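In case you want the letters, here they are:
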Amino acid sequence: MIETAQAFGIDIGGSGIKAAPVNLEKGEFAEPRLKILTPEVSTPDAVAKIVRQQLDHFEVPESAPVGIAFPAPIKPGKPLDFMANLDQSWVGVDVTAVFSEAAGRPVTVVNDADAAGLAEQQFGAAKGKDGLVIATTLGTGIGTALIIDGVLVPNTELGHLILSDKHPDAEKYAASSIREQEELGYKKWAKRLTKYYGLLEKYFNPDLFVVGGGVSRKADKFLPFIEIKTPIVPAALRNEAGIVGAAYYASTKQH
Ligand code: BGC
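Residues numbered from 1 in each chain as written. Predicted model: local features only at pLDDT ≥ 70, side-chain atom pairs only at ≥ 80, totals over all residues. Heavy atoms only, no water.

J.: Mind showing me how you'd approach the site of the ligand here?
T.: Taken together, the neighbourhood of the ligand is formed by 14 residues, with Asn111, Asp112, Glu157, His160 and Glu171 sitting nearest. Between Ala72 and the ligand, the recorded distance is 3.3 Å, taken from a backbone N or O atom to an oxygen atom. A distance of 3.0 Å separates an oxygen atom of the ligand from a polar side-chain atom of Asn111. Contact with the protein chains removes 94% of the 310 Å² of surface that the ligand exposes when unbound. Elements that contribute at least two residues to the shell around the ligand include exactly helix 3 (112–123) and strand 8 (142–148). Of the residues assigned to the shell around the ligand, the class counts are 7 nonpolar, 4 polar and 3 charged. (Near = heavy atom within 4 Å. Polar contact = N/O pair within 3.5 Å; in protein donor to acceptor, adjacent residues only side chain to side chain. Areas by Shrake-Rupley, 256 points an atom, 1.4 Å probe, with all protein chains shown as cover. Helix = DSSP H or I, 4+ residues; strand = E, 2+ residues; numbered from the N terminus. Nonpolar A, V, L, I, M, F, W, Y, C, P; charged D, E, K, R; others polar.)

J.: Would you mind going over the side chain of Asn111 with me for this structure?
T.: Looking at where Asn111 falls in the secondary structure, it is placed in strand 6 (residues 108–111). Among the polar contacts listed, one links the side chain of Asn111 to the backbone nitrogen of Ala113, at a separation of 3.0 Å. Excluding its chain neighbours within four sequence positions, the residues that come into contact with Asn111 are Phe70, Pro71, Ala72, Pro73, Ile74, Thr144, Asn155 and Glu157. (Contact = heavy atoms within 4.5 Å.)

J.: Whenever I open this one, the packing of helix 1 (residues 44–57) against helix 2 (residues 95–103) confuses me. Can you help?
T.: For any two helices packed against each other, the geometry is given by the interaxial angle and the distance between the axes. As a packed pair, helix 1 and helix 2 sit with axes 9 Å apart at the nearest point and diverge in direction by 45 degrees. Of the possible angle classes, the one that applies to helix 1 and helix 2 is oblique. The interaxial crossing formed by helix 1 with helix 2 has right-handed handedness. Every residue of helix 2 that contacts helix 1 at Pro44, Val47, Ala48, Val51, Arg52 and Leu55 is listed here: Val98, Phe99, Ala102 and Ala103. Of the residues belonging to the contact of helix 1 with helix 2, the class tally is 9 nonpolar, no polar and 1 charged. (Axes fitted to C-alpha atoms, helices over the stretch in contact; angles between N-to-C directions. Parallel < 35°, antiparallel > 145°, perpendicular 65-115°, else oblique. Left-handed = near helix turned anticlockwise from the far one by under 90°.)

J.: Would you explain the packing of aromatic side chains in this entry?
T.: Note on aromatic pairs: each is described by the distance of the centres and the angle between the planes. The full count for this structure, using the stated rule, is 10 aromatic pairs. On the basis of an interplanar angle of 15 degrees and a centroid distance of 6.2 Å, the ring pair of Tyr186 and Phe222 is categorised as stacked. On the criterion of sequence distance, the pair formed by Tyr186 in helix 6 (residues 186–204) and Phe222 in helix 7 (residues 219–222) is long-range, its members being 36 residues apart. The exposure class assigned to Tyr186 is buried, which follows from its relative accessible area of 17%. For Phe222, a relative accessible area of 0% translates into the label buried. An aromatic cluster of three or more residues is present, and its members are Phe70, Trp90 and Phe99. The ring of Trp189 carries Arg179 above its face, with NZ or CZ at 5.4 Å from the centroid. (Phe/Tyr/Trp six-rings, centres within 6.5 Å; stacked < 30°, edge-to-face > 60°. Buried < 20%, exposed > 50% of the residue type's maximum accessible area, 1.4 Å probe, protein only. Lys NZ or Arg CZ within 6 Å of the ring centre and 35° of its normal.)

J.: Whenever I open this one, the sheet that holds strand 8 confuses me. Can you help?
T.: What holds strands together in a sheet is hydrogen bonding between their backbones, with the strands either parallel or antiparallel. Strand order in the open sheet made by the 5 strands is 9-8-7-10-11, with mixed pairing throughout. Single-partner strands in this sheet number two, and they are strand 9 (151–153) and strand 11 (232–234). Between one strand axis and the next, the sheet turns by 30 degrees as a mean value, whatever way the strands run. By the bridge criterion, 3 bridges tie strand 8 to strand 9 in an arrangement that is antiparallel. Across the sheet, residue Ile148 finds its bridge partner in strand 9, namely Val151. In this fold helix 3 packs onto strand 7 (132–138), strand 8, strand 9 and strand 10 (208–212), with an angle of close to 45 degrees to the strand it touches most, strand 8. (Pairing = 2+ DSSP bridges.)

J.: Just to check I follow, could you spell out the pairing of strand 8 for this structure?
T.: The side chains of a regular strand alternate, residue by residue, between the two faces of the sheet. Counting buried positions along strand 8 yields 6 of 7 residues, so the element is predominantly enclosed. Where strand 7 and strand 8 come together, 7 bridges link them in antiparallel fashion. In the sheet register, Ile134 faces strand 8, and the bridge partner there is Leu146. Connecting strand 7 to the antiparallel partner strand 8 that follows it, the hairpin turn spans 3 residues. In sequence, strand 8 turns back onto strand 9 through a hairpin of 2 residues, with Asp149 there showing a positive phi of about 45 degrees.

It is worth stressing that arrangement in space is one thing and function is another; only the former is reported here.
Here it is as structure tokens:
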């Protein structure tokens, strides 16, 4: 790991496990990231092996804080009680313990959307924003982070809101993976996103929505067509936010 990096971030997603050393002064990668495909059967063992592989590839020193963004609500030291998009064998597992053992050092685990929200709040589109910011990630699922006057309320799972009787799990209707699966055009997808963000707007009255995930690269194709009153902007760190946020979060936990 090169010297300009103060921490290491890993983002575990439904399709890829991405990692990079992070420069925390700038809030950006210190070296190009490495993406390894998520194993088809994404058990704790299989995913932990890739975490190890990432640390070895970048020769991460033991003194560097390591943060891992994980696609489920995380309570350190407690067994996981819900998993949407990785293997169900994660349920009941202490995620932090599994990764710390594989890494041969203590690591910090944080929900992936919370990591992305923290990165946006620290370095990106939500920097210096007061009031309520809802940062969302549109990927395999939908992740959410609630940030109130700069303070994160962790582990919100608003990607699973009930939209209607027909759509009892919002992410199964409006996630980016669903747009791909159903081959929806961006405008058609934006209609679904209007329903989703409209519901969040109705119940939370936020001051700003930030939209992240890989598809935020194409924000101009769908954001202008989401018809809500609240300002809605693309994530400034795009798909890098999970890695940067996890690294940042780990650095705040290490003393
Ligand atoms: C999970 C969340 C996660 C989101 C994005 C959802 O299915 O329940 O914890 O943040 O996907 O990965």
